[in-house]
Amino acid sequence: MNLIKIFRRMLVGVLVLIPAFMFSACDITNPIDGIKLMLNLKERNTTVSVVVQDAATGDVIGFENDDITLDATFSGIDGLVIINMINEEVTALRDLENGLFNFAIRDEIEPSPENPVIFTLNVTADGYLPESQLVVIDGNGENSIDISMVRISDPPEDVVIRENVPIGATSPEGITLEPITFSSSDEEDAARQQAGAGTLSDNLPPNPPISIITPSVRFFIPEGTVIRDENENPLQGGLRATFIYYGPNNRVFPRFGESNRGGNLDQTLFDYRGVVQASIEDENGRKAVLFDPPLELTMTYPASNFDTEEFESWAGNQPRPDSWTFSQTVSITELEDAFGRSFNQSVMTLGTMPLMSMIGNGIPACLSGATVKFTGTKLRLQGDLFRTDNQRYVTSYRTSTRIVDGEREIETRFQQVPRNVPVRGIVQNMNYTQIDEFEIADLCAQTELQVPISSPEFDLEFRAEGRCADRDEVVYATIPAQIRSSIGNRWRPAGTILSGVLEVTLPEPDLYSIGINYDGRFYQYDIDLNNAVAGQTTVVEEIFDIPDNICDDV
């Protein structure tokens, strides 16, 4: 066993915060071993670690950036069962330093696939679009959530943000004075305006020739259209449009939701070709809702041999709708751009403009489905799922570590996934190195699949012990931790520090960082494991001094 003893005061701040609750809370245990007094926070039965990252870069939002803070709120019925790590009920976590944080479910609640805890996690961050994610906790122990947020000034590929774009004008009666066209491409707008294009019958203006092979969305409002708000007041004067377009290959906009077909609600995974959030306002701030005649909304997307003969369009009334309402069936038009490349278009007509519009098909889905247990390994794994028929992306997953009969089990239970859709799963280690694959015929089947894994393992035991000067009291922390390597350079859950000890298995020698978030503050500890040996445990011992004012309360 390699033993590395490091004496630093890196984690003092953590324990300065903890004792304010430790010595009065009922969750504190005080077992006495000889003359030592061990002060531990109680381990929570069900914990949740959250990683909020930039959708374009993958970096943790706010990390090493003092100009950005985050707020997280919980909504939904089960949002009332959220506690922090010292058993205080919380409905919000405010002024977080970065996108690494954790919380827990009340200890008396035991989530299961039959009785999951379901709520919505809402996250806001300076300079980013707000994000909401449906969370399903269907088992105790460790759980993890990944959230990607779009930076307004630098969105990822396949996401377009256009704000307050002048698009035209209306008369005092709310009538458009000329045809209005606006899209997710400035270049396309200019080309269409120059060519006098914009109607459904004029998809490809010949002069100048342009390529619209890139997924896009386009709005067309005919001349003479009457535009009114929800109270039937006419929009008057200059019009401006704001919209956010999510293309078919983005991994930001959630695909799971409830489909509403004439009042029939079903859990659904949407295989969409585009989603747009749009609004039009006049000079008085009135928002367009009613269009007579209807406007045309066209979505352009790559051609595929696996597409159905027609798609469906859906309407939503929230930025991240819990429920989508069926609007109409739309046809698929096969076209070529000016360079001979194939693409498809679908057009919907909207007499009433919803906040959200989607083109795609809904697939029956489930909240909680099959379980995969990875045997022969202690590594924390991750990966993506793709349909075996058309290779389209379905979802991503990350494993959890659960203790069963004293043994660590590495598993993942798939959530918010389609029914009866065969998939191929990619297995990666924390550094994104692929180490295996597997296939599942139905992600919603309540079955368990075992996937054997053979990969080198390097064990780390991180010990954090606090001591009072000239005294024998020892203080141990119990709190979830994060880890990252210099190779993968992405933070991910590392497990829970239990009574001052974190045990984690790593894929290769490297420089690693362990992070702890407590009370909105983040603490980082760097460990050089470049000389680690496979099959051996490297022990890193962190001993730190506790301030006198804290020791006086022991």
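Residues numbered from 1 in each chain as written. Predicted model: local features only at pLDDT ≥ 70, side-chain atom pairs only at ≥ 80, totals over all residues. Heavy atoms only, no water.

### Topic: the nonpolar core
Selection rule: We define a nonpolar core as any set of buried Ala, Val, Leu, Ile, Met, Phe, Trp, Tyr and Cys residues linked to one another through side-chain atoms lying within 4.5 Å. Only protein chains enter the accessibility calculation, which uses a 1.4 Å probe; a residue whose area is less than 20% of its type maximum is buried, one above 50% is exposed, and one in between is partly exposed. A run of H or I in DSSP counts as a helix once it spans at least four residues, and a run of E counts as a strand once it spans at least two, with each numbered from the N terminus. Any two residues whose heavy atoms approach within 4.5 Å at even a single point are treated as in contact.
Membership of the largest hydrophobic core comes to 29 residues, with the highest contact counts inside it found for Phe182, Phe219, Ile280 and Leu297. Of all the secondary structure elements, the ones that give two or more residues to this core are β13 (159-170), β14 (180-183), β15 (216-221), β17 (237-246), β19 (264-281), β20 (290-302) and β24 (342-352). Broken down by element, the residue count for this core peaks at 5 residues, all from β20. Leave out the neighbours within four places in its chain, and Ile280 touches Ile167, Phe182, Ile221, Leu235, Leu239, Arg240, Ala241, Arg286, Lys287, Ala288, Phe291 and Met353.

### A word on the sheet that holds strand β30 (residues 423-428)
Put simply, the test is: Pairing between strands is defined by DSSP: at least two bridges between them are needed. For helices, the fitted axis covers only the stretch in contact; all axes are lines through C-alpha atoms, and the angles between them, taken along N-to-C directions, range from 0 to 180 degrees.
If you walk across this open sheet you meet the 4 strands as β27-β26-β30-β31, and the pairing is antiparallel. In this open sheet, the two strands that pair with only one neighbour each are β27 (393-398) and β31 (434-440). Taking each pair of neighbouring strands and ignoring which way they run, the sheet shows an average axis angle of 20 degrees. Relative to β30, strand β26 (residues 382-387) runs antiparallel, the two being bridged by 4 bridges. Looking at β30, one finds that Gln382 is bridged to Gln428.

### Focus on the confidence of the model for the protein chain
Parts of the prediction with low pLDDT should not have their coordinates interpreted in detail. To keep things clear, this is the line we draw: A score between 0 and 100, pLDDT records how confident the predictor is in each residue.
The share of residues in the protein chain with pLDDT of 70 or more is 84%, and the mean pLDDT across the chain is 83. At the level of individual helices and strands, the protein chain shows its lowest average pLDDT in helix α2 (residues 19-22), which scores 32, and its highest in strand β16 (residues 226-228), which scores 98. Taken together, the stretch residues 2-39 has pLDDT below 50 and engages in 99 contacts with residues farther than four places along the chain or on a different chain. Note on residues 194-211: pLDDT is under 50 here. Beyond four places in sequence and across chains, it has 38 contacts.

### Some thoughts on the pattern of salt bridges
Formally: Salt bridges are identified by distance alone: a Lys or Arg side-chain nitrogen within 4 Å of an Asp or Glu carboxyl oxygen.
Per the counting criterion, the structure on display carries 19 salt bridges. The closest approach of N and O atoms between Arg44 and Asp107, which form a salt bridge, is 2.5 Å. One end of the pair, Arg44, is in the loop between β4 (36-41) and β5 (46-54); the other, Asp107, is in the loop between β9 (100-105) and β10 (117-125), and 63 residues separate them in sequence. Residue Asp459 pairs with Lys378 through a salt bridge whose shortest N-O separation is 3.0 Å. With Asp459 in strand β33 (residues 458-467) and Lys378 in the loop between β25 (356-375) and β26, this residue pair connects regions lying 81 residues apart in the sequence. Owing to a relative accessible area of 29%, Lys378 belongs among the partly exposed residues under this scheme.

### A short note on unusual backbone geometry
Most peptide bonds take the trans form, and the phi angle of most residues other than glycine is negative. Of the consecutive residues Asp292 and Pro293, the connecting peptide bond is found in the cis state with omega at 0 degrees. Structurally, Pro293 is set in strand β20. Although it is not a glycine, Asp158 sits at a positive phi angle of roughly 80 degrees. Secondary-structure assignment places Asp158 in the loop between β12 (141-149) and β13.

### Here we look at the side chain of Glu461
Here Glu461 is to be found in strand β33. Discounting chain neighbours no more than four positions away, the residues touching Glu461 are Val501, Leu502, Glu503, Thr537, Thr538, Val539 and Val540.

### Quick look at the sheet that holds β12
Taken in spatial order, the 4 strands line up as β7-β9-β5-β12 in an open sheet, and their pairing is mixed. Sheet topology places β7 (82-83) and β12 at the edges, where each strand pairs with a single neighbour. In terms of strand pairing, β5 meets β9 through 6 bridges, oriented antiparallel. Each bridged residue has a counterpart across the sheet, and for Val48 the counterpart in β9 is Phe103.

### A closer look at the packing of aromatic side chains
What characterises a pair of aromatic rings is the spacing of the ring centres plus the angle enclosed by the ring planes. Basically, it comes down to this: The aromatic pairing rule takes the rings of Phe, Tyr and Trp, using the six-membered ring of Trp, and pairs them if the centres are within 6.5 Å, calling planes under 30 degrees apart stacked, those over 60 edge-to-face and the rest tilted. Over a ring means this: the NZ of a Lys or the CZ of an Arg is within 6 Å of the ring centre and within 35 degrees of the ring normal.
Taken as a whole, this structure holds 21 aromatic pairs when the rule is applied. Judged by centre distance (5.9 Å) and plane angle (85 degrees), the ring pair of Tyr397 and Phe414 falls under edge-to-face. Pair noted here: Tyr397 is in strand β27 and Phe414 is in strand β29 (residues 407-418), with a separation of 17 residues, a long-range link. Tyr397 sits in the buried class, given a relative accessible area of 7%. Relative accessible area serves as the criterion here: at 2%, Phe414 is assigned to the buried category. Members of the aromatic cluster, joined through ring pairs, are Tyr246, Phe253, Phe270, Tyr272, Trp314, Trp324 and Phe326. Note that Arg251 overlies the ring of Tyr393, its terminal NZ or CZ placed 3.8 Å from the centroid.

### A closer look at a negative patch on the surface
Test applied: Patches draw on residues past 30% relative accessible area with no salt bridge. Two like charges within 9 Å are joined, as are two nonpolar side chains (Val, Leu, Ile, Met, Phe, Trp, Tyr) within 5 Å. Areas reported here follow the Shrake-Rupley algorithm with a probe of radius 1.4 Å; residue values treat only the protein chains shown as occluding. As used throughout, the charge tally considers Lys and Arg to be positive and Asp and Glu to be negative, leaving His and the chain termini uncounted. For the purpose of locating charges, the reference atoms are NZ of Lys, CZ of Arg, CG of Asp and CD of Glu.
There is a patch of like negative charges on the surface, built from Asp66, Asp67, Glu97 and Asp126. Tracing the backbone shows Asp67 in the loop between β5 and β6 (70-75).

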